[in-house]
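Per-entry structural report
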Amino acid sequence: MRGQAKPIRIPPRAGTQPERQKLSKTQTAGLRICANPDKLGVMNGNEIIFEVREAEEGGYNARALGYSIFTQGDDQDDLRKMVKDAVACYFDNPADRPQIIRLHYVRDEVLTA
């Protein structure tokens with residue numbers, strides 16, 4: 001697969017527990033915490049996840065998690081078509097293409113206190 005680095009796992013020495021680094025709130029601000037890094041972006045090598053946000057100028061922007069795939073559409077139907085096309089272009093070999101494309105819609109809402 002192009003564009004995705006495989007994580008390196010180093011097993012702890014026998015009889016020891018791996019150390020966990022404690023991070024402050026400022027260090028973790030804006031980070032995505034994932035219990036299983038293998039599942040970020042692609043699940044079981046058969047699924048790809050796109051984060052979809054409304055564009056300020058109208059329409060939608062979509063980006064694949066774990067891949068350098070970006071696209072946009074004027075409406076949801078157009079976005080679905082553009083996402084499928086972007087995935088087909090990124091994965092040249094049809095055998096390497098994920099069978100499932102998941103669109104995860106994210107909406108920011110600001111409230112006054």
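Residues numbered from 1 in each chain as written. Predicted model: local features only at pLDDT ≥ 70, side-chain atom pairs only at ≥ 80, totals over all residues. Heavy atoms only, no water.

**Describing the overall build of the protein chain**
Of regular secondary structure, the protein chain possesses 2 helices and 5 strands. Ordered by position from N to C terminus, the α and β elements of the protein chain give α-β-β-β-β-α-β. Counting the 113 residues in the protein chain, one finds 23% classified as buried. Pairs at least 24 apart in sequence give 45% of the contacts found in the protein chain among residues at least 6 apart. For the protein chain, the computed accessible surface area is about 9,400 Å², with 50% contributed by carbon and sulfur atoms. (Helix = DSSP H or I, 4+ residues; strand = E, 2+ residues; numbered from the N terminus. Buried < 20%, exposed > 50% of the residue type's maximum accessible area, 1.4 Å probe, protein only. Contact = heavy atoms within 4.5 Å. Areas by Shrake-Rupley, 256 points an atom, 1.4 Å probe, with all protein chains shown as cover.)

**Examining the pattern of salt bridges**
In total, this model carries 5 salt bridges according to the counting rule given. Of the charged contacts in the structure, one is a salt bridge between Glu51 and Arg53, with a shortest N-O distance of 3.2 Å. Classification of Glu51 by relative accessible area gives buried; the value is 7%. For Arg53, the salt bridge goes to Asp108, with nearest N and O atoms at 2.9 Å. Placement of Arg53 in strand β2 (residues 47-54) and of Asp108 in the segment after β5 (100-106) is noted, with a sequence separation of 55 residues between them. Shared partners join several salt bridges into a network, and the residues in it are Glu51, Arg53, Arg63 and Asp108. (Salt bridge = Lys/Arg side-chain N within 4 Å of Asp/Glu carboxyl O.)

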